Amino acid sequence: IARLQAGLPLANALATYHLDGTGGLVVERASLSLANGTISLENSRVQLSPLSGDLPLTVSDLDLAALATYGDLDGLSASGTIPLRLTNSDILIDHGTLTAQQPGTVRYRPSSPPAALQSGGSIDLLMSALDDFHYKSLTLSLNGAASGDLQAGLHLNGANPALYNGFPIELNLSLSGALSQLVSDTVQTTRVPEHLQKRVEEIMKAPSQ
């Protein structure tokens, strides 16, 4: 598949797989390009009816700056794993983690901050730090159901040079806005279409020639 628009622009998708004759689809290897990086999968089996299985995705050199719509991310290339667990009713992410490969900068300067970031006090300090945060390490965690209860967390360690003379700061943020919704929409959209699943089941049930 040269290009697939499924919430995110996916490209260069290639998969080698086979039906195992026992109701399963075995993915020998699959890969696709996303945001200048690669998402790949090897040696995984999915039971088609009822739908179930584990898909341990490996993420390499993903440019999160190309995905984020909530702020500027300089030099943020991340790698990690996103374990997917398929059920007949949902797609679950089991403690996925992406880690920045090198230091960079986060600049969060919304013209109108969301309501949760307008309460003053420690929130003002957080907004000041994120105005120009130079991180030494950054980790994005994903966990939960793609149907809506997806939890995304962002852990940063670094400093804002203009805040308290660059005093080191460690931040742990829960994301419920654009980024977590973007991931959720993408995972839901890439679900196996029902008509395709039924067709594969029909082929598997047909007597061999």
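Up top you'll find the structure we're talking about.
It should be emphasised that the depicted structure is a prediction, and the values quoted were computed from it without experimental measurement.

Reading guide: rules and limits
Residues numbered from 1 in each chain as written. Predicted model: local features only at pLDDT ≥ 70, side-chain atom pairs only at ≥ 80, totals over all residues. Heavy atoms only, no water. Helix = DSSP H or I, 4+ residues; strand = E, 2+ residues; numbered from the N terminus. Buried < 20%, exposed > 50% of the residue type's maximum accessible area, 1.4 Å probe, protein only. Contact = heavy atoms within 4.5 Å. Areas by Shrake-Rupley, 256 points an atom, 1.4 Å probe, with all protein chains shown as cover. Core = buried A, V, L, I, M, F, W, Y, C linked by side-chain atoms within 4.5 Å. Salt bridge = Lys/Arg side-chain N within 4 Å of Asp/Glu carboxyl O. Polar contact = N/O pair within 3.5 Å; in protein donor to acceptor, adjacent residues only side chain to side chain.

Within the chain, the secondary structure is distributed over three helices and 12 strands. The 209 residues of the chain split such that 40% are buried. Excluding contacts between residues fewer than 6 apart, the proportion of contacts in the chain whose partners are at least 24 apart in sequence is 47%. For the chain, the exposed area adds up to about 11,800 Å²; of that, 53% sits on carbon and sulfur atoms.

Moving on, we get to the nonpolar core. Counting 44 residues, the largest nonpolar core has Phe 133 and Leu 156 as its most contacted members. Residues in contact with Leu 156, not counting those within four places in the same chain, are Val 106, Phe 133, Tyr 135, Ser 137, Leu 138, Ile 169, Glu 170, Leu 171 and Leu 173.

A few words now on the pattern of salt bridges. Side chains that differ in charge, positive against negative, can pair when their charged atoms come close. Per the stated rule, a full pass over the model turns up four salt bridges. With a shortest N-O distance of 2.6 Å, Arg 45 and Asp 20 are connected by a salt bridge. Here Arg 45 is found in strand E4 (residues 37-48), whereas its partner Asp 20 is found in the loop between strand E2 (9-19) and strand E3 (24-34), with 25 residues between them in sequence. Overall, the relative accessible area of 28% leaves Asp 20 in the partly exposed class.

Moving on, we come to the side chain of Asp 132. Mapped onto the elements of the fold, Asp 132 is located in the loop between helix H1 (122-130) and strand E10 (133-145). A polar contact of 3.2 Å, which involves the side chain of Asp 132, links it to the side chain of His 134. In this structure, Asp 132 is in contact with Thr 105, Val 106, Arg 107, Arg 109, Ala 159, Asn 160 and Pro 161, ignoring residues within four places of it in sequence.

The next thing to look at is unusual backbone geometry. Residues Ser 49 and Pro 50 are joined by a peptide bond in cis, for which omega reads -5°. Counting through the fold element by element, Pro 50 comes out in the loop between E4 and strand E5 (51-63). In the Ramachandran plot, Ala 35 falls in the positive-phi region, its phi being about 50° despite a non-glycine side chain. Tracing the sequence through the fold places Ala 35 in the loop between E3 and E4. One non-glycine residue, Asn 43, adopts positive backbone phi at about 50°.

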